[in-house]
Structure formats: structure tokens, C-alpha cells
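Chain and residue survey
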Amino acid sequence: MEKVFRSFIFNNGLSLKNRLVLAPMTTYSSNDDLTLSDEEEVYYKSRSKDIGLVITAAVAVSKNAQAFKNQISIRDERYLESIKRLVKAINEGGSKAVIQLHHGGRMNQPNLYPNQDIVAPSSIKASREYAVTPRELRNSEVYDIIDAFINAIKLSIKAGADGVELHGANTYLLQQFFSPNSNQRIDEFGPTLNKRYKFIDILVRRSQEVIKKYATKPFILGYRLSPEELEEPGITIDDTLYLVDNLAKAKVDYIHLSTSSYNATSIRNTSDNELIISKIKKVVANRTVIIGVGRIESKEDIEDVFNLGYDLAALGLPMLANPNNVKRLENNENLIKEFNKESILPSKMFNTLKSWEEGLKQRGYTFK
Ligand SMILES: Cc1cc2nc3c(=O)[nH]c(=O)nc-3n(C[C@H](O)[C@H](O)[C@H](O)COP(=O)(O)O)c2cc1C
């Protein structure tokens, strides 16, 4: 059997039935009270039948963490039942469930915060049209946010999850702490490289402590990151090599590279032809597991992914278009790239994807 369809075991003993992962994808479809909706439950069940690991949509760890409307929350005990349903939907299909823990920071949608502050490491506006200038977090509030993540991990353990992924990618709060663009603090959390890493350092260590204390079965801690930022100043590949070296030293269970393509090169230095994964693999070596994502759409791509040194392959859009696409890959059939009734997506998620139709067409995805 090909490597991808062989089982995979993490260092702590968690076992996956194959090496494919559902990439974390926001559904924009929770109930208005931010609990899991029935439509989401059906969607997760349908995606869990053939894949080894499901990473959930970004789940907000506190009230001021919420970035999008109808984003699932894990802010306190009142959300435990909802997260239990999420985990159950995934586990019943035969897949392992990892909850992606998220705080939006300065990327939170302003319309969710009428007359309230949006908080971030520094009072610096993101270069996005909709963004507003955030309020700089007080030192004690930074520790409150770390506490919120730790509380969310306790709840994830209680809900029976198989792990959590700290969302340190895609410009959100953890990335904002690491970035010289969004973190110009002059306290223990910035502005030098090792101080910009401090938030992540404390968070990872405290996460491991709480897992050790409360988990009663193998429970993994993953970290997702975006290797570079285009902004000046912005995260460079050298910064990221420092980050992954420290994450490997800290013994996180995996590092998940959020790139638009698994074989991406630098977006900052376009004359550098060395693949990002090759630079990262040289530093990380075999100290931890690496998940690749972005435009993985055939068996040949998956083979390439493993040859480049990734251990697991995450699929985003291919898994949204049709729940049978893993089986199709296994059977050497082409992926279905049409969004239609068989896609089994929550209606608000379908509508959001439909609003991106022009862009998705360029990747070969169509709508019916
Ligand atoms: C609808 C949608 C929602 C997404 N939401 C998240 C998210 O909540 N967290 C995250 O880390 N990435 C998110 N992503 C990025 C995906 O995890 C993935 O990295 C990206 O789609 C590239 O993989 P692909 O080429 O297989 O689609 C989202 C992508 C899509 C299409």
C-alpha cells in the first residue's frame, strides 16, 4: 500500500489511520450563540469517514478572540457540550479530532465590536481595508489571553478531543506577537526577536503542562505558522527558522506550515529558489512532525509532499468540494472540483465560497 494510506503514529502514541489531514477551515456557520450548528455537525461527519486527522475550524478562545461572525467558541464551560458534539462527529467517522485554537487580535472584524476595543500586541493597524487601529494589550491582559488558551485546552481535553492546534498563522494574534510589523512593544513581549517569541514560548510550555496534568489519553499539541509576511518590517524566513528551531526544542507534536502551495518558495525574496520546506526541514530535521498544505490535489502531489520531507499532507479546498475526494484519490480517480449539492457544506460556508467563485475558478473549481 502507498505510504499515504498507511497508518501514522505520533511520538506520544496517537495513531492515525492514514497520513491525510483535513486542513482547518472556518465555516462561518455556528449558531448565533456561537455553538456548533446542526449543519456543521453534518459537515464534520461527512469529512471524517476516510481521513486520518481532522483539524477543526478556528475556534475562538475568549470573547475578545472572535474574528468572524458565526465562529464557534470555546470560551467557557457553557460551550463544552458544543465542543463535545464537534469531537463526537469527527471521532464517529473514524478520524482523530484536533481543535484549532484561535484569537484574531487586530484582524477581528470591527462590526463584531461596536463601541468596544479590538486588542493586539501594539496599537498598529493591519494594512487591510476593513481593519481598525487596535488598543495595545496591557501586560496583565497578555497573561489573561494565555489563560484563555489554557482554559480552552482544558475544555478540549474534557470534550474528548485528540489534541489542539495553536493557530499561529494567517496574520492572527499569535503571529502578531511574533511579527516585527505588529509587535513593537517595549516590555518582556517585544520588540526583539527573542522577546517577540516569548508569548509563544510561555503558551507552549503552559499548554504542555496542562496536557500532562489533565489528559488521560494521547493528546497532541500542534503549532500552525505562516513562514513569511510581505509587509516591511515583517516576518522573514530567518525569523521563522528561529521559531521552528525553538518549537522543535520545546517538543511540540507537530508544526503545520500554512503556505498557499506545499512547494512554495520565498514571497519576500523572489530570486531565492530554495523551497521553504527544504529550509525548514534542514533546521527541524526529524525532531518533530511537519504538516504540509496548499494545492495538494493528486497522488503525484502527495508523493512529492513526502519526498520533500513533510510527514502528513493536509487538504483544504479538495475536501470542501466533495466528501468523497479521499476515496477517489485512493482509487486513482480524479478529484471532483465542482461545488454542488453533494458537497454537503453548511449553507453560509457554501455562500462564502460562492462569493469567491472568480478566484476559485483559477484553481479549477466550479459551482453548480
Ligand atoms: C473556506 C476556508 C476557510 C479557512 N479557514 C481557516 C482557518 O480557520 N484556520 C486556518 O488556519 N486556515 C484556514 N484556511 C486555510 C486552509 O487551512 C488551507 O491552508 C488553504 O485552504 C490551502 O490549502 P488548499 O490549497 O488545499 O485549499 C481556510 C481556507 C478556506 C478555503
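Details of the structure are given in the entry above.
Residues numbered from 1 in each chain as written. Predicted model: local features only at pLDDT ≥ 70, side-chain atom pairs only at ≥ 80, totals over all residues. Heavy atoms only, no water.

**Some remarks on empty space enclosed by the protein**
Worth spelling out the cut-off: Here a cavity denotes grid points, spaced 1 Å and computed from the protein atoms alone, that fit a 1.4 Å probe unable to get out, and a pocket denotes an open set having protein on both sides within 12 Å along at least 5 of 7 lines; residues with an atom within 4 Å of a point are the lining. Grid points are joined across faces, edges and corners, and a volume is the space filled by probe spheres set on the points. Secondary structure counts use DSSP, requiring at least four H or I residues in a row for a helix and at least two E residues in a row for a strand, with both numbered from the N terminus. Here the term charged refers only to Asp, Glu, Lys and Arg, the term nonpolar to Ala, Val, Leu, Ile, Met, Phe, Trp, Tyr, Cys and Pro, and the term polar to all other amino acids, Gly among them.
Throughout the structure, instances matching the rule amount to one cavity of 30 Å³ or more. Space inside the largest cavity adds up to approximately 40 Å³. Lining the largest cavity we find Gly168, Leu174, Gln175, Phe178, Ile200, Tyr223, Leu225, Ser226, Ile235, Thr240 and Leu243. Looking at the lining of the largest cavity, the elements with two or more residues in it are helix 4 (173-178), strand 9 (220-225) and helix 7 (237-249). If one sorts the elements of the lining of the largest cavity by residue count, helix 4 sits on top with three residues. Split into classes, the residues belonging to the lining of the largest cavity amount to seven nonpolar, four polar and no charged.

**Digging into the site of the ligand**
This is how the line gets drawn: Each residue is tested against the molecule or strand, and it is near if at least one of its non-hydrogen atoms lies within 4 Å. Between N or O atoms, a polar contact is any pair within 3.5 Å; within protein, one atom must be a potential hydrogen donor and the other a potential acceptor, and residues adjacent in sequence are included only when both atoms are from side chains. Under the convention used here, a 1.4 Å probe and the Shrake-Rupley method define accessible areas, while residue burial counts only the protein chains that appear. Should more than half of a molecule's atoms lie within 2 Å of a pocket's or cavity's grid points, that molecule is taken to sit in it.
The local shell around the ligand holds 18 residues, among which Pro24, Thr26, Arg224, Gly316 and Leu317 are the closest. Here an oxygen atom of the ligand sits 3.2 Å away from a polar atom, N or O, in the side chain of His167. The separation between an oxygen atom of the ligand and a polar side-chain atom of Arg224 is 2.6 Å. Protein chains bury 88% of the 620 Å² of accessible surface belonging to the ligand in isolation. When atom positions are compared with the pocket grids, the ligand is found to occupy the largest pocket. Here the residues of the shell around the ligand sort into nine nonpolar, six polar and three charged.

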